[in-house]
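# What the coordinates show
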Amino acid sequence: MAAYNKADLERRMAGAVESLKGDLSGLRTGRASVSLLDPVTVEVYGAHMPLNQVATVSAPEPRMLSVQVWDKSNVGPTDKAIRSAGLGLNPIVDGQTLRLPIPDLTEERRKELAKLAGKYAESARIAVRNVRRDGMESLKTDEKKGVYSEDERKKLETEVQKMTDATIADLDAAASAKEKEILGK
């Protein structure tokens, strides 16, 4: 077990927050967002490539995405990849450009997305608790090795707990903001 390292714990907790924000940005809220197409991979030149490596994605209108495919021969595979990505989008092919109207979200779909946001947040909270557990264990190990006295260990454990509480508050704030956005409140 590694020695207690506050900077490492802070970095890992911040990573959980960033990961959650990334997951949440991929959830559709009825507004066009270029990050909506981040998970799409296109099969071109015998390999699977991220969409942003074969085309330019933009949001010219609040409810429309535009995908400008660079190579004419990749228009078909790009269209197929977007349709099969499970995002509920149906591209309209216009030369080398694909237009993607963003459909309205049904109430049922909004609730599903809000639940999904909650699941992402819970996964992030678990990750943060695991980081806290690692920190607490390394403090106990360090105390046994004589690096810290019992009082110092308790003080540092309080510090780790405060870091954990602050990080979880950040996670909850990000998740509830996204849920409100999804539910349109």
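Below is a short write-up of the structure. (Residues numbered from 1 in each chain as written. Predicted model: local features only at pLDDT ≥ 70, side-chain atom pairs only at ≥ 80, totals over all residues. Heavy atoms only, no water.)

Next up on the list: the overall build of the protein chain. For the protein chain, the helix and strand inventory stands at four helices and six strands. The order of α-helices and β-strands along the protein chain, N terminus first, is α-β-β-β-β-α-β-β-α-α. Against the 2.2 N^0.38 benchmark of 16 Å for 185 residues, the protein chain shows a C-alpha radius of gyration of 22 Å, more extended than a compact globule. Looking at the 185 residues of the protein chain, the share that counts as buried comes to 36%. Considering only contacts within the protein chain whose residues lie at least 6 apart along the sequence, 65% involve residues at least 24 apart. Accessible surface, the protein chain: about 10500 Å² in total, of which carbon and sulfur atoms supply 51%. Charge-centre separation for the protein chain: the mean point of 30 positive side chains lies 3 Å from the mean point of 29 negative side chains. (Helix = DSSP H or I, 4+ residues; strand = E, 2+ residues; numbered from the N terminus. Rg over C-alpha atoms; globule rule 2.2 N^0.38 Å. Buried < 20%, exposed > 50% of the residue type's maximum accessible area, 1.4 Å probe, protein only. Contact = heavy atoms within 4.5 Å. Areas by Shrake-Rupley, 256 points an atom, 1.4 Å probe, with all protein chains shown as cover. Lys, Arg positive; Asp, Glu negative; His and termini not counted. Charge placed at Lys NZ, Arg CZ, Asp CG, Glu CD.)

Bringing the packing of helix 1 (residues 6–25) against helix 3 (residues 107–145) into the picture now. The geometry of helix 1 relative to helix 3 is characterised by a closest axis approach of 10 Å and an angle of 170° between their N-to-C directions. The angle between helix 1 and helix 3 falls in the class roughly antiparallel. Residue-level contacts link L9, R12, M13, A16, L20, D23 and L24 of helix 1 to A117, Y120, A121, A124, A127, V128, V131, R132, D134 and G135 of helix 3. Its residues assigned to classes, the contact of helix 1 with helix 3 comprises 12 nonpolar, one polar and four charged. (Axes fitted to C-alpha atoms, helices over the stretch in contact; angles between N-to-C directions. Parallel < 35°, antiparallel > 145°, perpendicular 65-115°, else oblique. Nonpolar A, V, L, I, M, F, W, Y, C, P; charged D, E, K, R; others polar.)

This paragraph deals with the pairing of strand 2 (residues 47–50). In terms of strand pairing, strand 1 (residues 41–44) meets strand 2 through four bridges, oriented antiparallel. In the strand pairing of strand 2, E43 is matched with H48. (Pairing = 2+ DSSP bridges.)

Let us look at the sheet that holds strand 5 (residues 92–94). Spatial ordering of the open sheet is given by 3-4-6-5, a layout of four strands whose pairing is antiparallel. One side of each edge strand has no neighbouring strand; the edge strands of this open sheet are strand 3 (55–61) and strand 5. Each strand of the sheet is rotated relative to its neighbour by a mean of 25°, with strand direction disregarded. Bridge analysis of strand 4 (residues 64–69) against strand 6 (residues 97–101) gives five bridges, and the strand direction is antiparallel. Within strand 6, the position partnered with M64 by the bridge is P101. Together, strand 4, strand 5 and strand 6 form the strand contacts of helix 2 (residues 75–83), whose direction differs from that of strand 6 by roughly 15°.

On to the side chain of K178. You can see K178 is positioned in helix 4 (residues 150–183). Of note is the side chain of K178, whose polar atom sits 3.1 Å from the backbone oxygen of L24. (Polar contact = N/O pair within 3.5 Å; in protein donor to acceptor, adjacent residues only side chain to side chain.)

Enumeration according to the criterion identifies one aromatic pair in this entry. When the centroid spacing of 6.5 Å and the interplanar angle of 75° are considered together, the rings of Y4 and Y148 count as edge-to-face. Of this pair, Y4 sits in the segment before helix 1 while Y148 sits in the loop between helix 3 and helix 4, placing them 144 residues apart in sequence. (Phe/Tyr/Trp six-rings, centres within 6.5 Å; stacked < 30°, edge-to-face > 60°.)

Turning our attention to the pattern of salt bridges. Under the criterion given, the structure shown has 16 salt bridges. Two residues, E137 and R133, come together in a salt bridge whose shortest N-O distance is 3.9 Å. Of the two residues, E137 and R133 both sit in helix 3, four residues apart, roughly one turn of that helix. Using a relative accessible area of 36% as the deciding quantity, one classes E137 as partly exposed. Residue R133 is classed as partly exposed on the basis of its relative accessible area, which comes to 42%. A cluster of three or more residues bridged by salt bridges with shared partners is formed by D8, R11, R12, R133, D134 and E137. (Salt bridge = Lys/Arg side-chain N within 4 Å of Asp/Glu carboxyl O.)

Here the focus is the pairing of strand 4. With five of its six residues buried, strand 4 lies for the most part within the structure. Where strand 3 lies against strand 4, five bridges are found, and the strand directions are antiparallel. Bridging from a neighbouring strand, E61 pairs with M64 of strand 4. Counted between consecutive antiparallel strands, the loop separating strand 3 from strand 4 contains two residues.

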